[in-house]
Amino acid sequence: MEKNLKRMATMQRMQSVGLEIFYKNGYYDTSVDDILKELSLSKGAFYYHFKSKEEFFISILQNIIFPKVYSELIAPFEGQENPAVILDKCFDNALETAEHNVLDNGFVLSKFMTEFSDKNETIVNLLKEMFKVWEVNLITNLQKGKTDGYIDRHVDSEAVASFLMSSYMGVRVLMINGNAKLLRYKYIQQLRSYFKTIAVKR
């Protein structure tokens with residue numbers, strides 16, 4: 001039991017540090033040696049836990065990135081009613097986190113999707129899966145918002161979901177080298193204005 005806990009703790013530390021390095025430098029510009037140097041580990045220790053750099057990265061996707069994206073952009077909808085109010089809150093909270101993250105290099109899913117595109121089908125498919133979960137969740141909640149009388153029934157939920165996803169990813173990229181606080185403020189203000197146009201007119 002103690003041995004398993006120690007192994008899990010080591011793997012979590014490796015994944016956490018690995019994500020920071022991959023996020024900052026990119027997957028293909030990071031070698032196993034770079035990771036080992038940062039962790040002060042031997043190659044034997046690395047390959048005891050992971051068969052390859054790819055398997056290591058996939059474990060980071062599954063154990064850190066996907067749960068984080070889920071908790072920030074999907075879970076907030078559970079048990080809630082007006083999707084516009086929830087979207088406002090979860091986008092603003094996620095952007096606030098990014099604003100204060102000195103390592104932030106844009107939205108992690110879009111960053112890695114761009115890097116792996118046409119290079120690694122396995123990883124691209126995993127990233128697409130997470131995008132699809134996010135998209136389906138948005139569409140489902142927008143449809144529910146229409147049924148519950150919050151969103152105008154003529155609104156195209158799929159189009160709105162695409163717009164929200166692309167605009168959110170876009171502002172995350174702009175925040176990398178821009179005035180993150182101001183960009184976040186302006187984006188959320190515009191988002192609120194947009195939500196008024198798709199809301200049921202009282």
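Computed from a predicted model, the values in this text were never measured in an experiment.

Definitions and limits used
Residues numbered from 1 in each chain as written. Predicted model: local features only at pLDDT ≥ 70, side-chain atom pairs only at ≥ 80, totals over all residues. Heavy atoms only, no water. Helix = DSSP H or I, 4+ residues; strand = E, 2+ residues; numbered from the N terminus. Buried < 20%, exposed > 50% of the residue type's maximum accessible area, 1.4 Å probe, protein only. Contact = heavy atoms within 4.5 Å. Lys, Arg positive; Asp, Glu negative; His and termini not counted. Charge placed at Lys NZ, Arg CZ, Asp CG, Glu CD. Core = buried A, V, L, I, M, F, W, Y, C linked by side-chain atoms within 4.5 Å. UniProt positions renumbered as here; feature names shortened; annotations may be inferred. Axes fitted to C-alpha atoms, helices over the stretch in contact; angles between N-to-C directions. Parallel < 35°, antiparallel > 145°, perpendicular 65-115°, else oblique. Left-handed = near helix turned anticlockwise from the far one by under 90°. Nonpolar A, V, L, I, M, F, W, Y, C, P; charged D, E, K, R; others polar.

### Considerations on the overall build of the protein
Okay, step 1: Helix and strand content of the protein: nine helices and zero strands.
Okay, step 2: Listing the helices and strands of the protein from first to last along the sequence gives α-α-α-α-α-α-α-α-α.
Okay, step 3: Taking all 202 residues of the protein together, the buried fraction comes to 45%.
Okay, step 4: In the protein, of all internal contacts separated by at least 6 residues, the share reaching a separation of at least 24 is 69%.
Okay, step 5: Each charge sign in the protein was given a centre, from 26 positive and 25 negative side chains, and these centres are 3 Å apart.

### Digging into the nonpolar core
Okay, step 1: Of all hydrophobic cores here, the largest spans 65 residues; its most connected members are Ile65, Phe91, Leu109, Phe112, Trp134 and Tyr168.
Okay, step 2: Elements supplying a minimum of two residues to this core: α1 (2-25), α2 (32-39), α4 (53-73), α5 (83-99), α6 (108-116), α7 (121-147), α8 (157-174) and α9 (180-198).
Okay, step 3: Apart from the residues within four sequence positions on either side, Phe91 is in contact with Leu73, Trp134, Leu164, Tyr168, Tyr187, Ile188 and Leu191.

### Considering the UniProt feature "DNA-binding region" (unreviewed entry) in the protein
Okay, step 1: Per the UniProt record, the feature "DNA-binding region" (unreviewed entry) sits at residues 31-50.
Okay, step 2: Between the C-alpha atoms that bound residues 31-50 the distance is 14 Å, and the span itself is 75% helix and 0% strand.

### Side note on the packing of α7 against α8
To describe two helices that pack against each other, one gives the angle between their axes and the distance between the axes.
Okay, step 1: In the contact formed by α7 and α8, the axes pass within 9 Å of each other and the chain directions differ by 130°. Classed by the angle they form, the pair α7 and α8 counts as oblique. As for the relative orientation of α7 and α8, their crossing is right-handed in sense. Counted together, Phe131, Trp134, Glu135, Leu138, Ile139, Leu142, Gln143 and Lys146 of α7 and Ser157, Glu158, Val160, Ala161, Ser162, Met165, Tyr168 and Met169 of α8 form the full contact between these two elements.
Okay, step 2: A per-class count over the contact of α7 with α8 returns ten nonpolar, three polar and three charged.

### Regarding the UniProt feature "domain: HTH tetR-type" (unreviewed entry) in the protein
Okay, step 1: Under the UniProt annotation, the feature "domain: HTH tetR-type" (unreviewed entry) is placed at residues 8-68.
Okay, step 2: With 80% helix and 0% strand, residues 8-68 has end C-alpha atoms that lie 19 Å from one another.

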